[in-house]
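# Coordinates in review
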Amino acid sequence: MNATPKENKTVLIVDDDAMTRVLVVEALEPEGFVVEEADSGARGIEMFQQICPDIILLDVSMPGMDGFECCRRIRSLPYGERLPIVVLTGNDDDDSITRAFESGATDFASKPMRWKLLGHRVRYLLRASETLESLARSEASLKYAQELAHVGNWEYQPGNPDGYWSPEVYRILGLDAKKSPSSFESLMQRVPEDDQPQLLQSFINLRTEGTSYQIEHRITRPDGAEQIIFQQAEAVREQGRTLALRGTLQDITERKKNEAKIEYLVNHDALTDLPNRNLLSVRMSQAIEQAHRGGQHMAVMVLDLDRFKFVNDSFGHHIGDSLLKAVAARLKAAVRDGDTVARLGGDEFVVILPGLTAPENAMIVAAKIVTSFNEMFALGDHELHVTTSVGVSIYPEDGINGDTLLKTADAALYAAKDKGRNCAHCYTAEMGVQIEEQADLEKGLHQALLRKELELHYQPKVSLKSGQVYGVEALIRWRRPGIGLIPPDSFIPLAEETGLIIPIGEWVLRNACAQVKAWHIAGYKDLTIAVNVSALQFRQQNIPELVRNVLADSKLEPKYLELELTESVLMQDPETIALAMRELKEIGVRLSLDDFGTGYSSLSYLKQFPIDVVKIDQSFIRDVTSSINGASLTKSIISMAESLHMTTVAEGVETEEQLGFLNINRCDAIQGYYFSRPLPLNEMVKLLAEKTHLPSDRCHSESAKRTVLLVDDDKKTLSALKQLLGREGYHILSTTSQQEALELLTLHPVGVVICDAGMPEIPGTELLLQIKNLYPEIVRLMLSDYTELQTVTDAINEGTVHKFLSKPWDDDLLLAQLVESFQQHEVNAQTTQTPDIRA
Ligand SMILES: Nc1nc2c(ncn2[C@@H]2O[C@@H]3COP(=O)(O)O[C@H]4[C@@H](O)[C@H](n5cnc6c(=O)[nH]c(N)nc65)O[C@@H]4COP(=O)(O)O[C@H]3[C@H]2O)c(=O)[nH]1
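Residues numbered from 1 in each chain as written. Predicted model: local features only at pLDDT ≥ 70, side-chain atom pairs only at ≥ 80, totals over all residues.

Selection rule: UniProt positions are given in the numbering used here, feature names are shortened, and annotations may be inferred rather than shown by experiment.
Looking at an unreviewed UniProt entry, one finds the protein named Diguanylate cyclase/phosphodiesterase (GGDEF & EAL domains) with PAS/PAC sensor and attributed to Collimonas arenae. The protein has a UniProt comment under Catalytic activity (unreviewed entry) that states "3',3'-c-di-GMP + H2O = 5'-phosphoguanylyl(3'->5')guanosine + H(+)".

## Regarding the overall build of the protein
Note the following rule: Strands here are runs of E lasting at least two residues and helices are runs of H or I lasting at least four, both read from the DSSP assignment and numbered beginning at the N terminus. Any residue whose C-beta has 12 or fewer other C-beta atoms within 10 Å is treated as exposed, any with 20 or more as buried, and any in between as partly exposed, C-beta atoms being built from the backbone.
Regarding its fold elements, the protein presents 32 helices and 31 strands. Counting all 839 residues of the protein, 37% fall into the buried class.

## As for the site of the ligand
As a reminder, the rule being used: Should the C-beta atom of a residue, placed from the backbone, lie within 6 Å of a molecule or strand, that residue is near it. We call Asp, Glu, Lys and Arg charged. Ala, Val, Leu, Ile, Met, Phe, Trp, Tyr, Cys and Pro are nonpolar, and the rest, Gly among them, are polar.
Looking at the ligand, there are 23 residues lining it, with L475, P488, N532, G672 and Y673 nearest. Of all elements in the fold, only β19 (469-480), α17 (501-521) and β23 (590-596) reach the threshold of two or more residues within the shell around the ligand. For the shell around the ligand, the per-class residue count stands at nine nonpolar, eight polar and six charged.

## Here's the deal with helix α13 (residues 360-372)
Cut-off, in case you're wondering: In a helix, the anticipated span is given by 1.5 Å times the number of residues less one. Each C-beta atom gives one direction from the helix axis, and the arc is the one those directions make.
Over its 13 residues, α13 runs 19 Å from end to end, which matches the ideal 18 Å to within 8%, given 1.5 Å per residue. For α13, the set of buried residues is A362, V365, A366, I369 and V370. The buried residues of α13 occupy an angular sector of 140° when projected down its axis, which confines them to one face. Exposed side of α13, more than 90 degrees from the buried face: E360, I364, K368 and T371 are the residues found there.

## Description of the pairing of strand β16 (residues 388-395)
Successive side chains on a regular strand alternate, one facing one side of the sheet and the next facing the other. Rules: Should DSSP find at least two bridges between two strands, the strands are regarded as paired.
Most of β16 sits inside the fold, with eight of its eight residues counted as buried. Going residue by residue along β16, you find T388, V390, V392 and I394 tucked away on one face and S389, G391, S393 and Y395 tucked away on the opposite face as well. The pairing of strand β11 (residues 297-305) with β16 spans eight bridges and is classified as antiparallel. Counted as the bridge partner of V302 is G391 from β16. Across three bridges, β16 lies against strand β17 (residues 424-426) in parallel orientation. Looking at β17, one finds that G391 is bridged to H425.

## Remarks on the UniProt feature "modified residue: 4-aspartylphosphate" (unreviewed entry) in the protein
This is how it is decided: Whether two residues are in contact depends on their C-beta atoms, placed from the backbone: they are in contact if these lie within 7 Å.
The UniProt record marks D59 and D756 with the feature "modified residue: 4-aspartylphosphate" (unreviewed entry), using the residue numbering of this structure. The residue D59 is located in strand β3 (residues 55-59) in this model. For D59, a count of 25 C-beta atoms within 10 Å puts it in the buried group. Beyond its immediate stretch of four places on either side in the chain, D59 contacts V14, D15, D16, D17, T20, G67 and L88. Relative to the helices and strands, D756 resides in strand β29 (residues 752-756). The class for D756 is buried, based on 22 C-beta atoms found within 10 Å. Setting aside its immediate chain neighbours within four residues, D756 contacts V711, D712, D713, D714, T717, G764 and L783.

Take a look at the structure:
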């Protein structure tokens with residue numbers, strides 16, 4: 001239907017009398033109207049829908065559908081509601097006029113009529129209808145706007161308690177417009193008692209003095225819901241007389257809820273619901289003020305969970321999160337209601353104890369907190385034992401503002417950790433020196449780059465297959481004037497904290513790549529360089545792009561660059577890091593996982609990252625010869641890396657025994673003081689020039705090929721054998737004790753064991769059986785006289801002993817047997833895999 005405004009208004013005449021229709025046409029068309037005709041009620045409705053007239057003239061008495069019915073139907077159709085309909089009735093037909101209005105007619109005209117005046121009548125009705133239409137439109141848009149804004153308006157006239165309330169006022173109050181009076185009293189009934197006095201007083205002032213008001217108050221809707229209302233009101237006054245009181249009423253419940261929610265989120269930690277850093281700082285200021293006024297003390301405790309990362313990464317983040325929630329609950333239970341427990345992020349919590357009468361009480365509470373962790377945390381199917389370390393500082397002794405108190409408590413926390421964790425430590429004055437030193441260090445570090453105080457040292461990495469130096473790790477040093485060489489552990493964390501690691505990291509990368517390129521040119525063609533990349537660099541920099549630029553500038557082939565990332569880098573944002581790592585792999589650089597084992601990565605976790613090299617942390621290497629745990633963990637790491645086609649580099653190798661262990665367990669390469677410390681450039685150049693390498697018997701393939709273990713309680717036999725084999729260049733280990741024999745095997749890459757059959761502690765066959773089970777690749781020879789022939793034959797049949805050598809032996813025969821045995825060992829070594837003790 002066309003509802004757009006038309007130039008010439010259209011009049012629809014519905015009448016069965018053709019004469020009346022002609023008269024209407026003749027009266028209206030000369031006046032500029034377009035007249036359309038319908039000869040019945042039904043046709044009239046049809047035409048109304050087709051042409052959308054501006055006005056209808058409708059005869060009441062028609063055959064079929066009369067004018068009343070026709071009028072009713074049009075009113076119920078779209079656009080028919082407010083259309084002017086003039087009903088044509090007979091003269092003085094009062095009944096028809098009444099019925100016509102009841103049916104919805106706008107006006108009536110009696111026939112016969114003065115046709116000349118019809119034009120005026122129609123024009124007047126059209127104008128009135130337009131006015132009504134525009135009023136209806138603005139009412140509708142006001143209603144809509146009020147609905148949208150949840151604003152209603154009201155107005156009262158003096159002397160009349162019932163005023164006007166817009167539909168939205170009723171909606172907001174939850175009242176029915178037909179049943180509830182629109183009076184101030186009726187509004188007050190919905191206002192809770194507590195809020196009534198303020199509203200009443202404001203309304204009285206408005207009425208008596210014309211004082212406008214803006215107030216917030218609550219209302220209770222009939223369904224019990226409580227809403228928050230914002231009311232504004234003013235008096236319309238003329239010459240000191242109040243003509244009307246009017247105002248608006250806005251439902252601001254949602255806004256208030258959102259404001260409260262935002263305020264809560266801004267001030268609380270989403271995971272634990274504890275106050276966050278924002279609210280903590282407010283609470284600290286309040287507590288300081290309270291302590292200041294009351295001449296009391298207050299305590300700030302900073303605490304974190306010992307080895308939280310282990311939990312998070314071993315059991316998954318959901319268990320880590322549950323632990324943090326449980327810790328929050330435990331901390332709250334350990335302190336009083338007026339105390340504040342806040343979470344700063346990660347596993348770092350802060351407790352404030354306001355209004356302390358004696359500072360010593362803080363340590364009592366701190367100890368209580370530490371002890372409260374003795375009880376296991378039950379998290380889903382897991383029961384975990386987690387400990388905490390606490391640093392305590394006291395107002396005003398250790399700081400007079402929140403920042404300083406946090407810093408001093410932090411320093412105390414470090415001291416607690418140094419003490420071995422799972423304890424609380426109070427701040428002491430000496431720690432202040434450290435804080436100042438830190439500030440001084442930070443200042444100096446800012447200038448270190450500009451003043452060219454940084455330098456690189458290089459630590460060789462040696463292949464255990466070839467014994468050759470195949471690469472170096474670049475390690476930064478800060479040569480600080482007046483102080484000397486500062487190791488990275490003393491300034492890299494600070495560089496990370498201050499963001500200085502970004503320019504420093506780039507400096508290291510550029511210099512390292514340029515240096516290794518220079519070595520290539522000097523003839524050390526395949527030397528690789530490893531550079532440490534910190535977590536912050538990955539987070540704040542486009543590392544792949546930087547690497548691309550540096551490689552292009554230095555003209556270094558990507559395969560010679562290795563980037564060392566720690567597990568903490570991978571943990572930051574695993575998906576983004578994995579993406580960056582894949583990009584780096586596409587560039588062609590190698591990626592290694594540094595300090596492996598100190599983090600808590602599981603095998604499945606590592607699979608998602610394209611890692612080429614696993615560097616086994618020195619803490620494990622240190623332990624390989626002294627602790628079963630260290631040894632088995634290292635073995636597991638090597639076999640895990642092997643199964644993932646990664647190479648292994650053992651870090652911090654210092655002793656022959658550690659090297660032996662790594663050789664036996666087929667670690668690929670070593671780095672450590674055993675071979676070389678990190679060297680300044682000139683010394684590194686010398687090491688390369690001298691072609692320093694590991695002797696071949698210290699490499700796994702070679703050393704195992706040539707190492708014989710002799711076990712005999714007879715020292716003379718041992719000495720004779722040592723002489724014989726020593727002349728042939730074998731590496732010989734010897735012992736009179738079976739226990740020591742087993743220990744030697746854990747440390748050395750032995751290829752062949754020669755054992756006496758008649759040992760006093762346990763029979764030789766039993767020792768060889770143990771060796772067979774532990775190291776199946778080792779070839780086992782038995783030395784015996786003919787008195788033990790039966791036992792030896794049985795052992796050979798069972799596979800415990802490979803060959804039998806008679807006592808006294810023939811030197812040539814024994815040497816020939818040994819050559820054959822080492823060949824056999826090589827075959828065994830290729831078919832026997834290192835057992836994965838975790839499997
Ligand atoms: N006890 C013992 N220690 C050994 C032995 N062999 C090597 N080390 C030391 O172990 C550290 C190995 O480096 P890292 O694990 O990457 O650990 C590095 C690395 O994480 C970081 N670092 C060094 N240079 C840089 C750098 O340029 N950028 C970044 N982001 N970190 C660096 O500082 C850490 C410490 O570096 P350094 O003090 O040079 O310490 C080096 C090295 O001197 C050994 O046999 N025994």
